Amino acid sequence: MNEPRLSGAATSEGTRRGAESFGAGVRTLGRTGYTVSPVGFGGYRIRDRSPVHRRALADALRGGVNVVDTSTNYGDGHSESLVGLTLAHLVQKGELRREQVVVVSKAGYLQGKNLERAKARPEPFAEVVELRPELWHCIHPEFLRAQLTESLERLGLERLDVLLLHNPEYYLEHAQAQGTEPDVARAEYRRRLTAAFAHLEQEVADGRIGWYGVSSNGFVVDAGATTFTSMHHVVEAARAAGGDAHHLGVVQLPMNLLELGALTQRHPTPDGDRSPLAVAEAHDLGVLVNRPLNAWGQVDGRERLVRLAPQPQELDAPQAAMDQSLALVRKLEAQWATGLGKQIQTEGGDDAVDLFRWGQELSRGLPQVGTLEQWQQLRHEVIAPHLGRTSAGLLQALEGEARQQFGVWWEAYGTAMHEAFGAVEQHLGREHRVLADQIAERLDPHVPAPWRSLPLSRKAVLALLSAPISCTLVGMRQPAYVYDMLALREHPVRLLSAAAGAADLSAIADAVASMTVR
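Now for a quick tour of the structure. Since this is a predicted model, take the numbers as computed values, not measurements. (Residues numbered from 1 in each chain as written. Predicted model: local features only at pLDDT ≥ 70, side-chain atom pairs only at ≥ 80, totals over all residues. Heavy atoms only, no water.)

Moving on: the sheet that holds strand S7 (residues 129-132). Taking strand neighbours across the sheet as the criterion, the three strands line up as S6-S8-S7 in an open arrangement whose pairing is antiparallel. Looking at strand neighbours, the two that pair on one side only are strand S6 (109-110) and S7, the edges of this open sheet. Where S7 lies against strand S8 (residues 135-137), three bridges are found, and the strand directions are antiparallel. When the bridges of S8 are listed, Val-129 appears paired with His-137. The strands that helix H6 (residues 170-177) touches are S6, S7 and S8; relative to S7, the one it contacts most, it runs at about 80°. (Pairing = 2+ DSSP bridges. Helix = DSSP H or I, 4+ residues; strand = E, 2+ residues; numbered from the N terminus. Contact = heavy atoms within 4.5 Å. Axes fitted to C-alpha atoms, helices over the stretch in contact; angles between N-to-C directions.)

The following block contains the structure:
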């Protein structure tokens, strides 16, 4: 990539001006000295090929959101590319200055094309953790150097403001699977973190990053859990790597109304048992919160993912309508399995009975789908492409009467699947709208009165901002999601100032526990 890179980096004064344009409740990102908007742009599911995603990020940056979080593995690198293109465009147009925005990225995962490149290397990276054939992980210095080089190219930046190790606790999961003794695994984990931090200190000295840190789900679990990552030990590793003037400045962890481990867990430290947020505060670490609106918790008697945002009112279909539509799909699949599917031979010599089973799979698996957004992702990124490839392949391979029979059956099956898609979408929308309304109802007694008329998404974010965190990262890949968060600026004094009071997070946790859908 020979295109010129955007010069400069986030600065204390620049980010103060940038965050203040948000106009409500700006905060300091720990010892980095950066000033950040209370809401940041989460780049998990954005891609440079999407005009909608480009518009959403541009709208957020124009609106004063001055933290953008991405990763090497988000969108197989296309998330970083979108961030770089959008930031450069706004800077070139004079709508933004580079020093106003804190760009955060993460490294550690090997997936997709990144994994293909790693496998093609003449000399493999050292200390790679092979979790699954399609998922490897590494935090070795040589790997981090290469990943940062690629990130800076995709982002089009001379310097990255914050680089986070992305879920390094995968090593602990792998070590347990290999039968490594827990004490031995934890000692090796700390060694690997220290070596990674020593390398990142050099990257700071070389001017390629400003600060570094760790993004880990292991921060918020019980201390006895396999993947537990002690924030205190992370700080000690940074001190071992860089002394008291180390550049560990940021941590990232999951937190939402159903998952409050960052506040409620107590982990051993030399000063007694402390919560992860208390440890971060004691060491002046900036805290970025992810998954504020996508919560895992015990709801309706089972573990499920709950979207903490209102659902469209028009999505309202009863269970019976969905069951009826899926029953028709299963009937057509049975016709396929006992007819043409049994007659066709695949390249492997087997019959084609199992090529069409989505009605059966959905009937069994829908309770685990979670949110309406998850269903839409499954529909558009998994089911629809599979059906398209399979039908196209059969229409190309079959001839004569068999092709004609398949065409008739496929027309009926495709129509039934389309109707089933709509019924599933409407049912999930209804279920989650009811659940969101119930959560909002239980939340209201424990938040300041001025918040109670707000949509659940805004109340959920504001409640988290009652905790000692720097910024909550919201997935804002749609302009509507951006506008929802920017609306927090409308009444900044009564919503985000100390005068508005704070949410009682402990009471909220008790109120939403073990809910059932009415």
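The topology assignment puts Leu-193 in helix H7 (residues 182-205). Between the alpha carbons of Leu-193 and Ala-238 there is a distance of 8.1 Å; along the sequence they are 45 residues apart. Contact partners of Leu-193, with chain neighbours within four places excluded, come to Ile-139, Leu-165, Pro-168, Val-234 and Ala-237.

Attention now goes to the sheet that holds strand S9 (residues 160-166). Pairing is parallel around the closed barrel formed by eight strands, whose spatial order is S3-S4-S5-S9-S10-S11-S12-S15. Going from strand to strand, the sheet's axes swing by 30° on average, the running direction of each strand aside.

For the rest of this paragraph, the subject is the packing of helix H2 (residues 51-62) against helix H17 (residues 479-486). One can describe the packing of H2 onto H17 by two numbers: an axis separation of 8 Å at closest approach and a directional angle of 15°. Classified by the angle between their axes, H2 and H17 sit roughly parallel to one another. In terms of crossing hand, the pair formed by H2 and H17 is right-handed. Contact residues: H2 offers Val-52, Arg-55, Ala-56, Asp-59 and Ala-60, while H17 offers Pro-479, Val-482, Tyr-483 and Leu-486. (Parallel < 35°, antiparallel > 145°, perpendicular 65-115°, else oblique. Left-handed = near helix turned anticlockwise from the far one by under 90°.)

Now for the packing of aromatic side chains. Under the criterion given, the structure shown has 16 aromatic pairs. Judged by centre distance (4.6 Å) and plane angle (15°), the ring pair of Trp-409 and Tyr-413 falls under stacked. Here Trp-409 pairs with Tyr-413, and both are found in helix H15 (residues 400-443), just four residues apart, close to one helical turn. We note that Trp-409, like Tyr-413, is buried. (Phe/Tyr/Trp six-rings, centres within 6.5 Å; stacked < 30°, edge-to-face > 60°. Buried < 20%, exposed > 50% of the residue type's maximum accessible area, 1.4 Å probe, protein only.)

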